[in-house]
Amino acid sequence: PDFPVDSMALFDPEAKAQPGNMVLVVNATGEPVLGELSIESTPKGRVSIITPRNPRWPAIRADLEHFEIIAVMVEHVRILKA
């Protein structure tokens, strides 16, 4: 989804994250990252991956870096100006 400057997102810290959800995570260095959760099957098992909204940031893979899901985006609205 597109996130223009005049939009608002609502997050639920108690919602269970599912693949395809936009989530707010804290990466290994303590930075907040907004990205889409996906799951990849590997020879060693399933791996959670966060693909950040900012295309300049690398994906965060649970098998390479610790991250913590803080909340799941439950609603995204664009504020319409008169």
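Our subject is the structure listed above.
Residues numbered from 1 in each chain as written. Predicted model: local features only at pLDDT ≥ 70, side-chain atom pairs only at ≥ 80, totals over all residues. Heavy atoms only, no water.

### Thoughts on the environment of Val 74
Put simply, the test is: Counting from the N terminus, the helices are DSSP H or I runs at least four residues long and the strands are E runs at least two residues long. Contacts were defined at the residue level, with two residues in contact if any of their heavy atoms lie within 4.5 Å.
Mapping Val 74 onto the fold places it in strand 6 (residues 68-78). Not counting residues within four places of it along the chain, the set of residues in contact with Val 74 comprises Leu 10, Phe 11, Asp 12 and Ala 15.

### Thoughts on the nonpolar core
Inclusion rule: To qualify as a nonpolar core, a set must consist of buried Ala, Val, Leu, Ile, Met, Phe, Trp, Tyr and Cys residues joined through side-chain atoms within 4.5 Å. With a 1.4 Å probe rolled over the protein chains alone, any residue whose accessible area is under 20% of its type maximum counts as buried; one over 50% counts as exposed, and the rest are partly exposed.
Val 23, Val 25, Val 33, Leu 37, Ile 50, Ile 60, Phe 67 and Val 72 form the largest nonpolar core, which has eight residues in total. Elements that contribute at least two residues to this core include exactly strand 2 (22-26) and strand 3 (32-42). Dropping the residues within four chain positions of it, Phe 67 is found in contact with Val 25, Val 26, Asn 27, Ser 48, Ile 50, Ile 60, Arg 61 and Ala 62.

### Points about the side chain of Asn 27
Inclusion rule: Contacts described as polar in this section are N or O atom pairs within 3.5 Å, which, within protein, must combine one atom able to donate a hydrogen with one able to accept it, while residues neighboring in sequence count only if both atoms come from side chains.
Checked against the element boundaries, Asn 27 lands in the loop between strand 2 and strand 3. Only 2.9 Å separates the side chain of Asn 27 from the side chain of Thr 29, close enough to count as a polar contact. Those residues in contact with Asn 27 that lie beyond four places of it in its chain are Val 33, Ile 60, Glu 65, His 66 and Phe 67.

### So, the sheet that holds strand 6
So the rule is basically this: Two strands make a pair as long as DSSP finds a minimum of two bridges between them.
In space, the six strands of this open sheet follow the order 1-6-2-3-4-5, with antiparallel pairing throughout. Edge positions in the sheet fall to strand 1 (7-12) and strand 5 (60-61), since each has one partner strand and no second. As paired elements, strand 1 and strand 6 share six bridges and run antiparallel to each other. For Asp 12, the partnering residue across the bridge sits in strand 6 and is Val 72.

### What about the environment of Pro 32?
Tracing the chain through its elements places Pro 32 in strand 3. Separated by 17 residues in the primary sequence, Pro 32 and Ile 49 place their C-alpha atoms 15 Å from one another. Once residues within four sequence positions are removed from consideration, Pro 32 is found in contact with Leu 24, Val 25, Val 26 and Trp 57.

### Comments concerning the pattern of salt bridges
The condition that has to hold: Any Lys or Arg side-chain nitrogen found within 4 Å of a carboxyl oxygen on Asp or Glu counts as a salt bridge.
Scanning the entire structure with this criterion turns up two salt bridges. Among the ionic pairs, Arg 61 bridges to Glu 40, the shortest N-O distance being 3.3 Å. Separated by 21 residues along the polypeptide, Arg 61 in strand 5 and Glu 40 in strand 3 bring together distant segments of the chain. In this structure, Asp 63 engages Arg 61 in a salt bridge whose closest nitrogen and oxygen atoms are separated by 3.0 Å. A relative accessible area of 43% places Asp 63 in the partly exposed class. In this structure, a network of salt bridges that share partners links the residues Glu 40, Arg 61 and Asp 63.

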